[in-house]
Amino acid sequence: MGETEKRIETHRIRCLSKLKMFLLAITCAFVSKTLSGSYMNSMLTQIERQFNIPTSLVGFINGSFEIGNLLLIIFVSYFGTKLHRPIMIGIGCVVMGLGCFLKSLPHFLMNQYEYESTVSVSGNLSSNSFLCMENGTQILRPTQDPSECTKEVKSLMWVYVLVGNIVRGMGETPILPLGISYIEDFAKSENSPLYIGLIETGAIIGPLIGLLLASFCANVYVDTGSVNTDDLTITPTDTRWVGAWWFGFLICAGVNVLTAIPFFFLPKTLSKEGLENDADIIKNENEEKQREEDKKEKYGITKDFLPFMKSLSCNPIYMLFILISVIQFNAFVSMISFMPKYVEQQYGKSSSDAIFLIGIYNLPPICIGYIIGGLIMKKFKITVKQAAHIGCWLSLLDYLLYFLSFLVTCENSSVVGINTSYEGIPQDLYMGNNIFANCNVDCNCPSKIWDPVCGNNGLSYLSACLAGCETSIGMGINMVFQNCSCIQTSGNSSAVLGLCDKGPDCSLMLQYFLILSAMSSFIYSLAAIPGYMVLLRCMKSEEKSLGVGLHTFCTRVFAGIPAPIYFGALMDSTCLHWGTLKCGESGACRIYDSTTFRYIYLGLPAALRGSSFVPALIILILLRKCHLPGENASSGTELIETKVKGKKNECKDMYQKPTVLNDDELKTKL
């Protein structure tokens, strides 16, 4: 082997290894960013309870990530291709770590969490002032003491979470557009779908780890280590429980910073995969780089920005794809953000159990679907038209399967005085909201504090006092209330802390719901890679980075930011009882009307997803009318552009698979 051949082989191995290293690094970056994102989404309920804020405000905090992202997405997507993409991604990972650290700060700046209760948690239960005592006084009520009210400003600590989420959004900005464009630029066209499928698999591993971490943290009391958990009168299933949400953010911060390290050692450019054996590639690399530098100095870095924007705006398939993405993202963002809350409220599970079940049932099918989708695209060399049909019809199948979720439901928790009368009449027959009855009218009970107990008649009551209970035995969570005058049973009436369980039938319905969710996740992920290929292959090569960034920008502005806010506001409208702060102000919602909650959670996304099939069908029609010059089994990576002029449609081949040139042809091109 001659010296030239050795240099070529060394160059080929070096470029290939660096491409593989970038693929591994960007996959780890996707793991870290999705780890942080899934953990944040899973902790929304804990943040809502910690700061006693409504769901709509929690939705705004969650959407603030998109605000930080859109501040930079267009400029990073365009300028990033002209700068050092791996280093920009590394800087973004460090900034994400900073944002996660900021979100954990309120825990260290606030006092211990105090939940509303009529029962003393100090362990000194010699006084039964929380029970029904005629002509007695209740010592644990909302206070009007100005000094106590002043302390409520600590709830403004949620601003740290808001700012941290914005910073995390800014840090995540370069990872997707620059990472995908780097792969597209330097990987073989037929290998690109597989590589992107592997990256998307990393984007599933991250949420799996994030959900498991969130499940663990949600099951650990927020102030563990500084309070005696044996004295607590609440469990993780209680809507007043707050888990150690801050601990996971510290872990996410460390992971993001560690992920950034490899990117600072990767090159700005590589040789195109498959072209490393060309004898003139090595020789002309420096000349090509010098020409790029001269071009930047002569024309300026922003010369192509407006033409690229105009070209993308006039691309009907690209614009229709953005419309589809915006509509579907409005549905999916809302569903994903509030899925743990839905499982909690609908099926009576704790936050920890809900997060764990969602992760176990949904993420493995999504991971498998991404891999299979990428392999199908590579194995069968799927064309743009075929990819569009696969994505559309699989999405339609997923949509039809989704309607079965309306059938797997549970009844409302029966809480006397809220949705059930003292005689046990349910909400649809019980007209009114009478907290008091003859059995407790003389007990002088607080009417707003949420401290539910479950009577041995199967009904729940807002507090032991409102259940008419006169005595108690035991301490902490094991406390049992007896001689409860409002609990109508044949024997001795008693109650225990917490809401009554929804029963075995509800657990069975939860299993059906999770199985449907797993099937839906697999089908959707199977369609994701073909759909994403339609997006990438409907643009010119030099427009891809900006096009992906603009697509991300639009989905964040019109879906990522508003969807959690209006969805959260609609959920707030179904609240049956709000928590009470020290000054009598409303806190976080304690119980929802699960029927109305279900119609909103499932119905609104169904309407949005249904409307997205109109532009999807238009794309299929446009693709069918287009003729791809020389399209065959080996040209599945061709891109098209449709221009409508009067009654004529012109379809132009915008991108073809790279062709290996011989020495003379390459010199002529250069």
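For every chain, the first residue of the written sequence is number 1, and numbering continues from 1 onward in sequence order. With the structure being a predicted model, the display of local features is reserved for residues of pLDDT at least 70 and the display and counting of side-chain atom pairs for 80 or more, all residues being used for whole-chain, interface and lining totals. Side-chain numbers here rest on the full set of heavy atoms in the structure, without hydrogens or water.

For the protein chain, the name recorded in an unreviewed UniProt entry is Solute carrier organic anion transporter family member, with Piliocolobus tephrosceles as its organism. UniProt positions are given in the numbering used here, feature names are shortened, and annotations may be inferred rather than shown by experiment. The annotation that UniProt attaches to the protein chain under Subcellular location (unreviewed entry) is "Cell membrane". UniProt, in its Sequence similarities (unreviewed entry) section for the protein chain, records the words "Belongs to the organo anion transporter (TC 2.A.60) family."

1. Topic: the overall build of the protein chain
When helices and strands are tallied, the protein chain shows 21 helices and 10 strands. In the protein chain, which comprises 670 residues, the proportion classed as buried is 55%. What makes two residues a contact is simply this: any of their non-hydrogen atoms within 4.5 Å. In the protein chain, of all internal contacts separated by at least 6 residues, the share reaching a separation of at least 24 is 79%. Per-residue and other accessible areas follow the Shrake-Rupley method at a 1.4 Å probe size, with only the shown protein chains counted as cover for residues. Carbon and sulfur atoms provide 62% of the accessible area of the protein chain, an area that totals close to 28400 Å². Helix and strand definitions follow DSSP, with helices as H or I runs of at least four residues and strands as E runs of at least two, each counted in order from the N terminus. Accessible area is worked out with a 1.4 Å probe on protein chains only. A residue is then buried under 20% of its type maximum, exposed over 50%, and partly exposed in between.

2. Quick look at the packing of aromatic side chains
Each Phe, Tyr or Trp ring (for Trp, its six-membered ring) is paired with any other whose centre lies within 6.5 Å, and the angle between the two planes then decides the class: stacked below 30 degrees, edge-to-face above 60, tilted in between. Scanning the entire structure with this criterion turns up 24 aromatic pairs. Relative to F513, the ring of Y342 lies with its centre 5.6 Å away and its plane at 50 degrees, an arrangement referred to as tilted. Linking Y342 in helix α13 (residues 316–347) with F513 in helix α16 (residues 504–537), this pair joins segments that are 171 residues apart in sequence. For F513, a relative accessible area of 4% gives the class buried. With centroids separated by 6.1 Å and ring planes inclined at 20 degrees, the aromatic side chains of F403 and F406 adopt a geometry described as stacked. Taking relative accessible area as the criterion, F403 reaches 36% and is therefore assigned partly exposed.

3. Side note on the sheet that holds strand β2 (residues 453–455)
Only when DSSP finds a minimum of two bridges between them are two strands counted as paired. The strand order across the open sheet built from six strands is β1-β3-β2-β6-β5-β4, with neighbouring strands paired in mixed fashion. The open sheet has two edge strands with one neighbour each: β1 (415–416) and β4 (469–473). Two strands pair when backbone bridges link them, and β2 and strand β3 (residues 460–461) are joined in this way by two bridges, in the antiparallel orientation. Looking across to β3, one finds that V453 is bridged to Y461.

4. Focus on the confidence of the model for the protein chain
Mean pLDDT over the protein chain: 79, with 79% of residues reaching 70 or higher. Per-element confidence in the protein chain is highest for helix α10 (residues 245–260), whose mean pLDDT is 95, and lowest for helix α21 (residues 663–669), whose mean pLDDT is 39. Per-residue confidence from the predictor is reported as pLDDT, a score between 0 and 100. Overall, residues 121–127 carries pLDDT values under 50, and its contacts beyond four positions in sequence, including any with other chains, amount to 10 contacts. Low pLDDT (under 50) marks residues 296–301, which in the prediction has seven contacts with non-local residues, meaning those over four places away or in another chain.

5. Some points on the pairing of β4
As paired strands, β4 and strand β5 (residues 480–484) are joined by four bridges and run antiparallel to one another. Along β5, the bridge assignment pairs C469 with C484. Taking the residues between adjacent antiparallel strands as the criterion, β4 and β5 are bridged by six residues, where G474 takes a positive phi near 85 degrees.

6. Focus: the pattern of salt bridges
Opposite charge on two side chains lets them pair, provided their charged atoms get close. We count a salt bridge whenever a side-chain nitrogen from Lys or Arg sits within 4 Å of a carboxyl oxygen from Asp or Glu. Counted by the stated rule, this structure contains 10 salt bridges. Here R168 makes a salt bridge to E172, at a shortest N to O gap of 3.8 Å. Highlighted residues: R168 and E172, both in helix α7 (residues 158–172), separated by four residues, approximately one helical turn. For the pair shown, R168 and E172 are each scored as buried. Between R609 and D398 there is a salt bridge, with its nearest N and O atoms 2.7 Å apart. Residue R609 is found in helix α19 (residues 594–611), and its partner D398 is found in helix α15 (residues 384–402); the two are separated by 211 residues along the sequence. Overlapping salt bridges, with partners in common, bring together K33, E66, R168, E172 and R556 in one network.

7. A look at helix α12 (residues 305–313)
Of all the residues in α12, the buried ones are F305, F308, S311 and L312. For α12, the arc enclosing every buried residue in end-on projection is 130 degrees, short of the 170-degree limit, so these residues lie on one face. Turned more than 90 degrees from where α12 packs its buried face, L306 and K310 sit exposed. This arc corresponds to the set of directions leading from the helix axis out to the C-beta atoms.

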